[in-house]
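# Inside the fold
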Amino acid sequence: QVQLVESGEGLVQSGGSLRLSCAFSGSRFSIYDMAWYRQAPGKQRELVARITSGGSTTYGNSVKGRFTISRDNAKTTVYLQMNSLKAEDTAIYYCNAGLIIVYWGQGTQVTVSS
């Protein structure tokens, strides 16, 4: 059974930075594709960034050039470094692990004040 626990939530001013972490518990972390999604109030959940088991990355258009996803297979953790934050980045951020079954974390709140 896979469990995902996000951390790093916070309130930050526009232009600031924040790093989210997602701790994976379970077996064979290295073969999972990992991703971050977010959901703002009244909006659909959207993909922020994905990193495959091989290390290839994909980003949502709104975060390209500002956010970086990375993974540490030894620590079974995936990170999301968020720079140049904007008010529109305010959302609950969810960690996602996908293989045959998709797993979700409980979410962590990011609030950017303008």
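See the structure above.
Residues numbered from 1 in each chain as written. Predicted model: local features only at pLDDT ≥ 70, side-chain atom pairs only at ≥ 80, totals over all residues. Heavy atoms only, no water.

## A look at the overall build of the protein chain
Looking only at helices and strands, one finds zero helices and eleven strands in the protein chain. N-terminal to C-terminal, the α/β element order of the protein chain is β-β-β-β-β-β-β-β-β-β-β. Whereas a compact globule of 114 residues would reach a radius of gyration of roughly 13 Å, the protein chain reaches 13 Å, a difference of no more than 12%. In terms of overall dimensions, the protein chain has C-alpha extents of about 40 × 25 × 20 Å along its principal axes. Here the protein chain, with 114 residues, has 42% of them falling under the buried criterion. Sequence separation of at least 24 residues holds for 52% of the intrachain contacts in the protein chain that already meet a minimum separation of 6. Of the roughly 6100 Å² of accessible surface on the protein chain, a fraction of 47% belongs to carbon and sulfur atoms. Looking at the protein chain, you have 11 positive and 7 negative side-chain charges, and the mean spots of the two groups are 4 Å apart. (Helix = DSSP H or I, 4+ residues; strand = E, 2+ residues; numbered from the N terminus. Rg over C-alpha atoms; globule rule 2.2 N^0.38 Å. Buried < 20%, exposed > 50% of the residue type's maximum accessible area, 1.4 Å probe, protein only. Contact = heavy atoms within 4.5 Å. Areas by Shrake-Rupley, 256 points an atom, 1.4 Å probe, with all protein chains shown as cover. Lys, Arg positive; Asp, Glu negative; His and termini not counted. Charge placed at Lys NZ, Arg CZ, Asp CG, Glu CD.)

## Points about the state of the cysteines
One pass over the structure, following the stated rule, counts one disulfide. What pairs with cysteine 22 in a disulfide is cysteine 95, and their sulfur atoms sit 2.1 Å apart. An S-S torsion of about -85° defines the bridge between cysteine 22 and cysteine 95 as left-handed. Of this pair, cysteine 22 sits in strand E3 (residues 18–25) while cysteine 95 sits in strand E9 (residues 91–98), placing them 73 residues apart in sequence. Here cysteine 22 falls in the buried class, since its relative accessible area comes to 0%. (Disulfide = S-S within 2.5 Å.)

## With respect to the packing of aromatic side chains
Applying the stated rule across the entire model yields five aromatic pairs. On the basis of an interplanar angle of 65° and a centroid distance of 5.0 Å, the ring pair of phenylalanine 24 and phenylalanine 29 is categorised as edge-to-face. A residue is classified by how much of its surface remains accessible, and phenylalanine 24, at 4% relative accessible area, is buried. Here phenylalanine 29 falls in the buried class, since its relative accessible area comes to 4%. In this structure an aromatic cluster arises from ring pairing among Phe24, Phe29, Tyr32 and Tyr103. The ring of tyrosine 94 has arginine 45 lying over it, and the distance from NZ or CZ to the ring centre is 3.8 Å. One Lys or Arg, arginine 45, reaches over the ring of tryptophan 104 and ends 4.6 Å from the middle of that ring. (Phe/Tyr/Trp six-rings, centres within 6.5 Å; stacked < 30°, edge-to-face > 60°. Lys NZ or Arg CZ within 6 Å of the ring centre and 35° of its normal.)

## Some remarks on the nonpolar core
In terms of nonpolar packing, the biggest core is built from 30 residues, with Leu4, Met34, Trp36, Leu80, Met82 and Tyr93 touching the most fellow members. Elements represented by at least two residues in this core include exactly E3, strand E4 (33–39), strand E5 (46–51), strand E7 (67–72), strand E8 (77–82), E9 and strand E11 (108–113). (Core = buried A, V, L, I, M, F, W, Y, C linked by side-chain atoms within 4.5 Å.)

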